[in-house]
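# Examining the three-dimensional arrangement
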Amino acid sequence: AEAAKQQHNATVQQLSPEEEKRIRETEARVVGMHSEMASIHSELEAIRKASTMDVHARKRDIPTLKEAANRWTDNVFEVRSQIVQKFGLTANEVNQQLELPELDYID
């Protein structure tokens, strides 16, 4: 490492002032990019951790969400049944009039 540094210094001494300035600017940009890359890696790691926690939270919510969806399905079936009884329509006619999709319970 020391030999490489000495060789670098010897090479720099042979450069014109403009070339030395350009090299210093380039080295400064490289240092800045390394710093930026380290910052981005930290941010990415934080996002990964948050994403993992979010996935676990969403998985815990699944049973409650299924229950809610099935409750809504029950309600739609009940409303459709009431309309069929009150107005003498068939279930298919009610589905067409209300533009209801095919409904089924979520397992």
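See above for the structure.
Bear in mind that the values here come from a model prediction, so they are computed numbers and not experimental data.

### A word on the overall build of the chain
Each helix and strand in the chain was counted, giving three helices and zero strands. Counting helices and strands in the order they occur from the N terminus, the chain gives α-α-α. Expected size for 107 residues packed as a compact globule is a radius of gyration near 13 Å; at 34 Å, the chain overshoots this value by more than 25%. By principal-axis analysis of the C-alpha atoms, the chain measures approximately 100 × 30 × 15 Å. Taking all 107 residues of the chain together, the buried fraction comes to 5%. As displayed, the chain has an accessible area near 9400 Å², and 56% of this comes from carbon and sulfur atoms. Charged side chains of the chain number 14 positive and 19 negative; the gap between the two group centres comes to 5 Å.

### Looking at the side chain of N95
As for its placement among the helices and strands, N95 is situated in helix α3 (residues 91-98). Residue N95 is classed as buried on the basis of its relative accessible area, which comes to 12%. Those residues in contact with N95 that lie beyond four places of it in its chain are R80 and L100.

### Quick look at the pattern of salt bridges
If you walk through the whole model with that rule in mind, you get five salt bridges. Ionic pairing is found between R24 and E20, a salt bridge with its closest N-O pair at 3.8 Å. Of this pair, R24 and E20 both sit in helix α2 (residues 17-87), four residues apart, which is roughly one turn of the helix. A salt bridge links D61 to R58; its shortest N-O distance comes to 2.8 Å.

### Examining unusual backbone geometry
A positive phi angle, close to 55°, is found at E99, a residue other than glycine. With respect to the secondary-structure elements, E99 resides in the segment after α3. Given a relative accessible area of 72%, E99 falls into the exposed group.

### Here's the deal with the environment of N92
With respect to the element layout, N92 can be found in helix α3. By relative accessible area, which is 55% here, N92 ends up exposed. Measuring from C-alpha to C-alpha, the distance between N92 and N70 comes to 20 Å, with 22 residues separating the pair along the chain.

### Points about the environment of S81
Structurally, S81 is set in helix α2. Classification of S81 by relative accessible area gives partly exposed; the value is 29%.

### Observations regarding the packing of aromatic side chains
The full count for this structure, using the stated rule, is one aromatic pair. Judged by centre distance (5.6 Å) and plane angle (70°), the ring pair of F77 and Y105 falls under edge-to-face. Placement of the pair is F77 in helix α2 and Y105 in the segment after α3, with a sequence separation of 28 residues. We classify F77 as partly exposed; its relative accessible area is 22%. Judged by relative accessible area, Y105 falls into the partly exposed class, the value being 35%.

What counts and what doesn't
- Residues numbered from 1 in each chain as written.
- Predicted model: local features only at pLDDT ≥ 70, side-chain atom pairs only at ≥ 80, totals over all residues.
- Heavy atoms only, no water.
- Helix = DSSP H or I, 4+ residues; strand = E, 2+ residues; numbered from the N terminus.
- Rg over C-alpha atoms; globule rule 2.2 N^0.38 Å.
- Buried < 20%, exposed > 50% of the residue type's maximum accessible area, 1.4 Å probe, protein only.
- Areas by Shrake-Rupley, 256 points an atom, 1.4 Å probe, with all protein chains shown as cover.
- Lys, Arg positive; Asp, Glu negative; His and termini not counted.
- Charge placed at Lys NZ, Arg CZ, Asp CG, Glu CD.
- Contact = heavy atoms within 4.5 Å.
- Salt bridge = Lys/Arg side-chain N within 4 Å of Asp/Glu carboxyl O.
- Phe/Tyr/Trp six-rings, centres within 6.5 Å; stacked < 30°, edge-to-face > 60°.

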